[in-house]
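# Observations on the model geometry
Listed below, chain by chain, are the residues.
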Amino acid sequence: MRFMLLFSRQGKLRLQKWYTATAERDKKKMVRELMQVVLARKPKMCSFLEWRDLKIVYKRYASLYFCCAVEEQDNELITLEVIHRFVELLDKYFGSVCELDIIFNFEKAYFILDEFLMGGEIQDTSKKSVLKAIEQADLLQEVLIYCYIDQVDL
Amino acid sequence: MPAPIRLRELIRTIRTARTQAEEREMIQKECAAIRSSFREEDNTYRCRNVAKLLYMHMLGYPAHFGQLECLKLIASQKFTDKRIGYLGAMLLLDERQDVHLLMTNCIKNDLNHSTQYVQGLALCTLGCMGSSEMCRDLAGEVEKLLKTSNSYLRKKAALCAVHVIRKVPELMEMFLPATKNLLSEKNHGVLHTSVVLLTEMCERSPDMLSHFRKLVPQLVRILKNLIMSGYSPEHDVSGISDPFLQVRILRLLRILGKGDDDSSEAMNDILAQVATNTETSKNVGNAILYETVLTIMDIKSESGLRVLAINILGRFLLNNDKNIRYVALTSLLKTVQTDHNAVQRHRSTIVDCLKDLDVSIKRRAMELSFALVNGNNIRGMMKELLYFLDSCDPDFKADCASGIFLAAEKYAPSKRWHIDTIMRVLTTAGSYVRDDSVPNLIQLITNSVEMHAYTVQRLYKALLDDISQQPLVQVASWCIGEYGDLLVSGQCEEEEPIQVSEDEVLDVLEGLLVSNLSTPVTRGYSLTAIMKLSTRFSSLNRIKKVVSIYGSSIDVELQQRAVEYNALFKKYDHMRPALLERMPIMEKTIFSGDGIFTVCLWSVFPVLQANDLLDLLGGNDVVPIIQTTVPTKPASAGGELLDLLGDLSLTVIPPMTAYNKNGLIIEFTFERSNPNPNIAVITIHATNSTEADMTEFVFQAAVPKVCSFPSCILINLLFMSWCIGT
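In the annotation of an unreviewed UniProt entry, chain B is listed under the name AP-1 complex subunit gamma and assigned to Cyprinus carpio. You can read under Sequence similarities (unreviewed entry) in the UniProt record for chain B the words "Belongs to the adaptor complexes large subunit family."

Chain A has the name AP complex subunit sigma in an unreviewed UniProt entry, where Cyprinus carpio is given as its organism. Heading Sequence similarities (unreviewed entry) of the UniProt record for chain A holds this comment: "Belongs to the adaptor complexes small subunit family."

### Examining the overall build of chain B
When you go through chain B residue by residue, the secondary structure sums to 33 helices and 5 strands. Scored against the burial criterion, the 726 residues of chain B give a buried share of 54%. Across chain B, every contact between residues at least 6 apart in sequence was considered, and the portion connecting residues at least 24 apart equals 66%. Of the roughly 33300 Å² that chain B leaves accessible, carbon and sulfur atoms contribute 51%.

### Regarding the sheet that holds strand S3 (residues 656-661) of chain B
Residues and elements named next belong to chain B. Taken together, 3 strands build an open sheet; the order of strands is S3-S4-S5 and the sheet is antiparallel. Each of the sheet's edge strands pairs with one partner strand only, and the pair in question is S3 and strand S5 (680-688). This sheet shows a mean twist of 15 degrees between the axes of neighbouring strands, independent of strand direction. Of the strand pairs in this sheet, S3 and strand S4 (residues 664-672) are connected by 5 bridges, and their pairing is antiparallel. Each bridged residue has a counterpart across the sheet, and for Thr-657 the counterpart in S4 is Glu-667.

### Remarks on the UniProt feature "domain: AP complex mu/sigma subunit" (unreviewed entry) in chain A
When the UniProt feature table is mapped onto this chain, "domain: AP complex mu/sigma subunit" (unreviewed entry) is found at residues 1-140 of chain A. Along residues 1-140 of chain A the backbone is 47% helical and 25% strand, and the end-to-end C-alpha distance reaches 30 Å.

### Quick notes on the packing of helix H4 (residues 67-75) of chain B against helix H6 (residues 103-111) of chain B
Residues and elements named next belong to chain B. Following both chains from N to C, one finds H4 and H6 inclined at 25 degrees, their axes separated by 10 Å at the closest point. In terms of axis orientation, H4 runs roughly parallel to H6. H6 is crossed by H4, and the crossing has left-handed handedness. Mapping the contact onto sequence places Leu-71, Ile-74 and Ala-75 in H4 and Met-103, Cys-106 and Asp-110 in H6. Its residues assigned to classes, the contact of H4 with H6 comprises 5 nonpolar, no polar and 1 charged.

### Some thoughts on the environment of Cys-135 of chain B
Residues and elements named next belong to chain B. Locating Cys-135 in the fold gives a position in helix H8 (residues 132-146). Residue classification places Cys-135 among the buried positions, given a relative accessible area of 0%. Once the C-alpha coordinates of Cys-135 and Lys-167 are considered, the two residues, 32 residues apart in sequence, prove to be 7.4 Å apart. Excluding residues that lie within four positions of it along the chain, Cys-135 makes contacts with Gly-130, His-163, Val-164, Lys-167, Val-168 and Leu-171.

### Comments concerning the interface of chain A and chain B
Contact with chain A, which involves 67 residues of that partner, is made by 74 residues of chain B. Where chain A abuts chain B, roughly 6700 Å² becomes buried across the two surfaces, and 57% of that area is made up of carbon and sulfur atoms. Linking Asp-74 of chain A and Arg-251 of chain B is a salt bridge whose minimum nitrogen-to-oxygen distance equals 3.0 Å. Inspection of the chain A/chain B interface yields 24 residue pairs in polar contact (both at pLDDT 80 or more). Every element with two or more residues in the side of chain A that touches chain B is listed here: strand S2 (13-18), helix H1 (24-39), strand S3 (48-51), helix H2 (76-94), helix H3 (99-104), helix H4 (106-116), strand S7 (121-122) and helix H5 (127-142) of chain A. At 10 residues, the largest contribution of residues to the side of chain A that touches chain B is made by H5 of chain A.

### A short note on the pattern of salt bridges
According to the stated counting rule, one finds 54 salt bridges over all chains in the structure shown. Among the ionic pairs, Asp-110 of chain B bridges to Lys-82 of chain B, the shortest N-O distance being 2.9 Å. With Asp-110 of chain B in helix H6 and Lys-82 of chain B in helix H5 (residues 79-92), this pair connects stretches of sequence that are 28 residues apart. Given a relative accessible area of 3%, Lys-82 of chain B falls into the buried group. The shortest N-O distance in the salt bridge between Asp-507 of chain B and Arg-542 of chain B comes to 2.6 Å. With Asp-507 of chain B in helix H27 (residues 502-514) and Arg-542 of chain B in helix H29 (residues 540-549), this pair connects stretches of sequence that are 35 residues apart. Among the charged side chains, a salt-bridge network with shared partners connects Glu-121 of chain A together with Arg-166, Glu-200, Arg-204 and Arg-248 of chain B.

### Overview of the environment of Gln-218 of chain B
Residue and element names in this part refer to chain B. Mapped onto the elements of the fold, Gln-218 is located in helix H12 (residues 216-228). Distance from Gln-218 to Ser-184, taken between C-alpha atoms, is 8.7 Å for residues 34 residues apart in sequence. What Gln-218 contacts, discounting residues up to four positions off in sequence, is Leu-183 and Ser-184.

### Some words on the packing of aromatic side chains
By the definition in use, this model includes 13 aromatic pairs over all chains. Residues Phe-7 of chain A and Tyr-65 of chain A carry aromatic rings whose centres are separated by 5.6 Å and whose planes lie at 20 degrees to one another, so their mutual orientation is stacked. Here Phe-7 of chain A, found in strand S1 (residues 3-8), pairs with Tyr-65 of chain A, found in strand S5 (residues 64-70); they are 58 residues apart in sequence, far enough to count as distant. With respect to burial, Phe-7 of chain A and Tyr-65 of chain A carry one shared label: buried. On the basis of an interplanar angle of 50 degrees and a centroid distance of 5.6 Å, the ring pair of Phe-48 of chain A and Tyr-326 of chain B is categorised as tilted. Placement of the pair is Phe-48 of chain A in strand S3 and Tyr-326 of chain B in helix H17 (residues 322-335), with the two residues belonging to separate chains. Accessibility assignment for this pair places Phe-48 of chain A and Tyr-326 of chain B in one class, buried. Grouping aromatic residues by their ring pairs yields a cluster made of Phe-7, Tyr-58 and Tyr-65 of chain A.

### Some remarks on the pairing of S2 of chain A
All names here are of chain A. Of all 6 residues that make up S2, 6 are buried, and the element is covered over most of its length. Bridge count for S1 against S2 is 5 bridges, and the pairing is antiparallel. For Phe-7, the partnering residue across the bridge sits in S2 and is Leu-13. What sits between the antiparallel neighbours S1 and S2 is a turn of 4 residues, in which Gly-11 has the positive phi angle 85 degrees.

### With respect to a negative patch on the surface
Residue and element names in this part refer to chain B. A cluster of acidic residues, Asp-261, Asp-262, Glu-265, Asp-269 and Glu-302, forms a negative patch on the protein surface. In this structure, Asp-262 sits in helix H14 (residues 261-277). For Asp-262, a relative accessible area of 63% puts it in the exposed group.

Parameters at a glance
Residues numbered from 1 in each chain as written. Chains lettered and ligands numbered in written order. Predicted model: local features only at pLDDT ≥ 70, side-chain atom pairs only at ≥ 80, totals over all residues. Heavy atoms only, no water. UniProt positions renumbered as here; feature names shortened; annotations may be inferred. Helix = DSSP H or I, 4+ residues; strand = E, 2+ residues; numbered from the N terminus. Buried < 20%, exposed > 50% of the residue type's maximum accessible area, 1.4 Å probe, protein only. Contact = heavy atoms within 4.5 Å. Areas by Shrake-Rupley, 256 points an atom, 1.4 Å probe, with all protein chains shown as cover. Pairing = 2+ DSSP bridges. Axes fitted to C-alpha atoms, helices over the stretch in contact; angles between N-to-C directions. Parallel < 35°, antiparallel > 145°, perpendicular 65-115°, else oblique. Left-handed = near helix turned anticlockwise from the far one by under 90°. Nonpolar A, V, L, I, M, F, W, Y, C, P; charged D, E, K, R; others polar. Buried area = accessible area lost by both parts, 1.4 Å probe. Salt bridge = Lys/Arg side-chain N within 4 Å of Asp/Glu carboxyl O. Polar contact = N/O pair within 3.5 Å; in protein donor to acceptor, adjacent residues only side chain to side chain. Phe/Tyr/Trp six-rings, centres within 6.5 Å; stacked < 30°, edge-to-face > 60°. Patch = residues over 30% accessible without salt bridge, like charges linked within 9 Å, V, L, I, M, F, W, Y side chains within 5 Å. Lys, Arg positive; Asp, Glu negative; His and termini not counted. Charge placed at Lys NZ, Arg CZ, Asp CG, Glu CD.

Below is the structure:
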């Protein structure tokens, strides 16, 4: 996977994860272009399209579009499953996740994504395992282990 | 100094902004506060401030001043700081900034941290955005972690190693020992990431590939266990056990089995098993089947298995799910070359997909349809494709038209059918046809000698209906120019000949000249066509008038043509019939896709009569020593010139001395070019037979512009040494 984007129907970016080194302005350009292309798709069309030299796999969940750019040799159908797994993880973590959860807790969404995927590949295929790791890490944040000045909340 | 506002509070505030300007104002205010907080080196709230900065960055605002702060957070001992710091690094930093190298030391320390979640953060950051330098420095640490027994770290280390190898392929060797028992792990996370690592190594190095071939039995076993094992709630997806791992293993097997008989043999059974036993009601199952099909097609599988694979794809085509259909068409396109007959069986389903509503599916179906066209199904397929051309989106029309032309050229059952098909394309999608199709079509029409009358008649009728489609108009003008005599004399055999007079034809052509719809190129075609008709029609005066009018046209190209044609009427009338003769059969010679017709040289030849050559050189007082070759075919309308047209196996023009005076001898020799007999090579030998030097020798070559195609006349100057006294 080259990158993953989450954006709303109004074209607001909610999450962007890039797995290749890309310049800031190129990222902005690609995001803008891709959002335009995907938002223009009609509901009945298939979830795959070709864009530049990449294959785009996207799926809409409620008001959010989950959009991945994969390479030529990647399996599009399993990418749909990857997206679905990520949504399931968010859903389990936030409890019936909605767009607002991801807006207000974007850093947590990133933490979950980073526990699930690395370099564009799945780290663990067990939902339970990923969620447990996040839970433990969150716990670590709560507990005052270090003896420096008190930790504050975000 | 009050505490900086909380992250969620800021998000809430920014979302209340009603206009872009209002939002920008809020952001600027907060950024100023954050900046001063950074300046004060506030450790307590640095984390909060960077988090806010990351939010603003996502909205599109600049956040580069937070880069160093991220580094400070990473270096902090607090877990929250590290978490936000690494996130910030991944979002704000990349290898283009020199700053990122400062992270290296922190990451190194964190890779050896006592808490696995901190190690995890470091591995994740390195594995997502580590630069080549960082990878080089830290590869050793990653390798160490690859050998740990902690599966949480092992799986992350494996993916980190994948990234390291992608960035610095030379380091691949160092991870080899650690891969020894990766596949004996029970943990699915480690298994999955190990397979990814092995795949990466095998893809990059043929040596690694041969080395890892011995893992095939083990991989087959793991796959078998996944399929045969009972329900495992942890890894189950819609009744299938760990589809992600299955897909990854299948992909690795594909790479290992490619080109290798033994490995392909070893995986044959499991592939058949997966192909037949996988549940197809949900997307997951189909994803696995898809990967299986790809693997079967790539390795050296036996024919039974290949047929099974194609049939799976055929079933996919009938699936209600668009995504599955799309994927099937894509795969079939890849396999159509190698397993043509098997794919042919699904031709009707593929053709049905042309009517699908989805653009991507239509395009795939179109490409596949063209790949499946052959001599047997051409008529049926063409009907469908022409129907598709009528109704498809404009984006497709150009490609579809080109595809139809190609297919028609290869498999046309008859010349009449071919011409009809071309007509159909030109009239329905005429404006989308590619520019290079026009010369191709003209060549085709020229070579279908018996169809000339029919073709020109149909084209003329099409022009009467519609003159807006330029390629159609161009081809039609050219044909009318060439075969206008056949049109007027009503010689058509294939269909009812129409009654049309010379004036009517000229009306149409002149109409093209003045119409706003005609492009300059089209006007050029029309003018030339009118000119050609001067030798085929009797209404010379009318033609002369038209030509002279355009002598003062604003369009330079048109003006030049008109002036030259005028000159033909006035000064070179004796050459006119020869110049405007019927075009001979052309052979297409392809010069890196330009489609330059070198055979046009044949039509240039009539001009190079002996007398004219002398005129070019300026010498009038030399007796030409030439022999005219008697044409073996009946003389064309041109008369008694060096008729070199029509028959490609002609005699060569003998050499001649064009000038022999005052010691300067100029000889012309003519020969056919050796690699390409359609090119004539004229060599000019200039010899100085006196003892004195000759100075101010000026070589000028004049090239007459004759027809509407680009002619190719290359002038190679080879200066031979002056022979003194020889």
